[in-house]
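Working through the structure, step by step
Listed below are the residues making up each chain.
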Amino acid sequence: MSDLDILEFLDGHSLADYEAPPTAIAVNMDLAEGTVWNRVRVLRAAGLIERTDETRGYYKITSLGQRYLAGELTDDERQQLEEFDPSEI
């Protein structure tokens, strides 16, 4: 499992703005819920996903996340992601 798998899961649905809580991501991807929660925290800090519902904890992929998957990042965006240090969150 990688962060890329989570991004592809959130982006790979017929709904344009598909949202899911980490628990549903874990169940559908057959992953440990704690692992998904940790990765979601990192992906959110990097700006690749965003929380859409503070009460229920739903997340969706951002336009940055979609451009990342498509290989369409600007040089500045690519550099920011390369310099992103998840240990600082």
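Our subject is the structure listed above.
Each chain carries its own residue numbering, running from 1 in the written order of its sequence. This being a predicted model, a pLDDT of at least 70 is required before a residue's local features are given, and a value of 80 or more before pairs of side-chain atoms are given or counted; all residues contribute to the totals for chains, interfaces and linings. Note: side-chain values were computed over all heavy atoms of the structure, leaving out hydrogens and water.

1. Things to note about the overall build of the protein
Heads up, the rule is: Only DSSP runs of H or I covering at least 4 residues are called helices, and only runs of E covering at least 2 are called strands; the numbering of each starts at the N terminus. Only the C-alpha atoms count toward the radius of gyration. The rule for a globule is 2.2 Å times the residue count to the power 0.38. Working definition: with a 1.4 Å probe on protein chains only, accessible area under 20% of the residue-type maximum means buried, over 50% means exposed, and in between means partly exposed. Values of accessible area rely on a 1.4 Å probe in the Shrake-Rupley scheme; residue burial ignores everything except the protein chains shown. Asp and Glu are treated as the negative residues and Lys and Arg as the positive ones, with His and the ends of the chain left uncounted. A charged residue contributes its charge at one atom only: NZ of Lys, CZ of Arg, CG of Asp or CD of Glu.
When its secondary structure is counted, the protein shows five helices and two strands. Element order for the protein, N to C, with α for helix and β for strand: α-α-α-β-β-α-α. Over its C-alpha trace the protein gives a radius of gyration of 13 Å, about what one expects of a compact globule, namely 12 Å for 89 residues. By its C-alpha atoms, the protein is 35 × 30 × 25 Å across when sized along the principal axes. The buried share of the protein, reckoned over its 89 residues, is 31%. Carbon and sulfur atoms provide 43% of the accessible area of the protein, an area that totals close to 5500 Å². Distance between charge centroids for the protein: 5 Å, based on 8 positive and 19 negative side chains.

2. Observations concerning helix 2 (residues 22–29)
The criterion, for reference: By construction, the arc corresponds to the directions joining the helix axis to the C-beta atoms. Whether two residues are in contact is decided by their heavy atoms: any pair within 4.5 Å suffices.
Of all the positions in helix 2, only Pro22, Ile25 and Ala26 are classed as buried. Across the axial projection of helix 2, the buried residues extend over an arc of 100°, all falling on one side. Across helix 2 from its buried face, at more than 90 degrees, point the exposed residues Val27 and Asn28. Packed against the buried residues of helix 2 are helix 1 (3–11), helix 3 (33–45) and strand 2 (58–61).

3. Things to note about the packing of helix 2 against helix 3
To keep things clear, this is the line we draw: To obtain an axis, a line is fitted to C-alpha atoms, over the contacting stretch when the element is a helix, and the angle between two such axes runs from 0 to 180 degrees between their N-to-C directions. Orientation labels follow simple angle bins: below 35 degrees gives roughly parallel, above 145 gives roughly antiparallel, 65 to 115 gives roughly perpendicular, and whatever is left gives oblique. By convention, the crossing between two helices is left-handed when the near helix turns anticlockwise from the far helix through less than a right angle, and right-handed when the turn is clockwise. In this count, Pro and Cys sit with the nonpolar residues alongside Ala, Val, Leu, Ile, Met, Phe, Trp and Tyr, while Asp, Glu, Lys and Arg are called charged and the others, Gly among them, polar.
As a packed pair, helix 2 and helix 3 sit with axes 9 Å apart at the nearest point and diverge in direction by 125°. Between helix 2 and helix 3, the crossing angle belongs to the class labelled oblique. Seen along the crossing, helix 2 lies across helix 3 with a hand that is right-handed. Only Glu33, Val36, Trp37 and Val40 of helix 3 make contact with helix 2, whose side of the interface consists of Pro22, Thr23, Ile25 and Ala26. In the contact of helix 2 with helix 3, the residues fall into six nonpolar, one polar and one charged.

4. Notes on the pattern of salt bridges
So the rule is basically this: The salt bridge definition used is simple: a Lys or Arg side-chain nitrogen within 4 Å of an Asp or Glu carboxyl oxygen.
One pass over the structure, following the stated rule, counts eight salt bridges. A salt bridge links Arg56 to Asp53; the nearest nitrogen and oxygen atoms lie 3.0 Å apart. In this structure, the salt-bridge partner of Arg78 is Asp75, at a minimum N-O distance of 3.1 Å. With Arg78 and Asp75 both in helix 5 (residues 75–83) and three residues apart, the pair spans about one turn of that helix.

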